[in-house]
Structure formats: structure tokens, C-alpha cells
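Coordinate inspection notes
For reference, the chains in residue letters:
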Amino acid sequence: MSLLLFLLVPNLALAGPQGVGQKCGKHADCSVGLRCGASWKCIDPSKSLMLGKGRQPGQCRSLPNCKKRGDCSFVKGRGCAPGSSKDCEQSEACLKSGRCGFFPKAIGCQPTPLGCRKSAKCKSAGNCSVIKGKHFSDCAPASDEECKASAECRTKGRCKFAVFEVKPGDVMHLCSKR
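So, here is what we can say about the structure in this document. Fair warning: this is a prediction, and the values are worked out from it, not measured in the lab.

Moving on: the environment of W40. Mapped onto the elements of the fold, W40 is located in the loop between strand 1 (35-36) and strand 2 (42-43). Judged by relative accessible area, which is 24%, W40 ranks as partly exposed. Note: C-alpha distance between W40 and K26 (14 residues apart in sequence) is 7.9 Å.

Under the criterion given, the structure shown has 10 disulfides. A disulfide bridge connects C60 with C80, and the sulfur atoms are separated by 2.2 Å. Measuring handedness by torsion sign, the sulfur bridge of C60 and C80 sits at about -80 degrees and is left-handed. With C60 in the loop between strand 2 and helix 1 (64-69) and C80 in strand 4 (residues 79-81), the pair connects residues that are 20 residues apart, well separated along the chain. Accessibility classification places C60 together with C80 in one group, the buried group. Put simply, C122 and C128 are joined by a disulfide, and their sulfur atoms are 1.9 Å apart. Classification of the bridge connecting C122 and C128 rests on its S-S torsion, roughly 95 degrees, and on that basis the disulfide is right-handed. Accessibility classification places C122 together with C128 in one group, the buried group.

Time to look at the side chain of S129. Examined against the element boundaries, S129 turns out to sit in strand 5 (residues 129-132). If we ignore the near neighbours within four places in the chain, the residues touching S129 are C116, D138, C139, A140, A142 and E146.

Residues S137 and C139 point to one face of strand 6 (residues 137-140) and D138 and A140 to the other, with burial holding for every one of them. Note: strand 5 against strand 6, 4 bridges, orientation antiparallel. By the bridge assignment for strand 6, V130 is matched with C139.

About the cut-offs
Residues numbered from 1 in each chain as written. Predicted model: local features only at pLDDT ≥ 70, side-chain atom pairs only at ≥ 80, totals over all residues. Heavy atoms only, no water. Helix = DSSP H or I, 4+ residues; strand = E, 2+ residues; numbered from the N terminus. Buried < 20%, exposed > 50% of the residue type's maximum accessible area, 1.4 Å probe, protein only. Disulfide = S-S within 2.5 Å. Contact = heavy atoms within 4.5 Å. Pairing = 2+ DSSP bridges.

Keep in mind these numbers describe shape, not what the thing actually does.
Here it is in C-alpha cells:
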């Protein structure tokens, strides 16, 4: 039996610029020439399949991450990334998780209030509200009402809204049995 847990504030005790594969919360956390990728790890854009050198405008739409995450536009300095609201709104991340918003300075598509309410995870797990964390935001439950309206309440008894601090600075919002 698995619980849907949302880590809203990553515990990033960063000691200087991070190298490839190390945790990051924003581009500035990574060493010069690296970018903070969608998996919250530093990547080398020149070696990444999605951001690699030689990508031309138009090629991004044919890559898997266009449909999956909205990385459909060629963005100077970033390679394949969301470049418009349309990129985000057509993605699986929007339909499943409410990440329907395009904000030019953000990494990837971001959750929106309407996106969260319309998402599959709102219906299944009560993840109907935008919860803002230190480094990023996500859709998560914010009330007993959202939990009670979810499929997990009816099928697994997870009807009570709860906030847990896992570690100092690491917070989870979820629907619980207690």
C-alpha cells in the first residue's frame, strides 16, 4: 500500500555550486555552464538528449518530453523547454498533475489553481490546490473537503487532510486515514 506523498520543500543544504547529477533548486545552484533540470539535478545542456547541441526550432515537438512535460519549444539558452501556455496545457503533466502554467523564468510547467482542480490527481488523491514550497510549487490537498471528495477517500479511507514535517524544512501535504 503506497501513500501519495508530496515533498514540497526539498532539503537542499547546498555548499557552493553543484556538479552534474547533484541536487539543485534553481539554475544558480549549479556550476557555470550547467542547468537545474526538471528532476531537480544539475545537467549539462550540451550532453542532454532533450537540450543537446544541434537542436533546431521545430525538433522539440517530436521528442517524448513535449507530450510528457510540455518541453515543446526551442528556448534560447535552454534548448527544449516550455515556451508558451499551449505547450504546458497540452502536456500529460497538465492532465495528470495540474502543471498547466507557463511562466518564462520558471523551470518547466508549473501548477495552476485551475490545473490542479481539473487534474486526474485531484480526483484520485485530493491534490486540488497549489501549495507553494521554498524552491517549487505543486498540487496537493489543502483541506478535509478536498480529501473527502477524492477516490482514495472512498476506496482507501484517506479522508483527513494532514501536514507532516518529515525533516526540518521538508513538509508533506496529504490525505490520511487519521
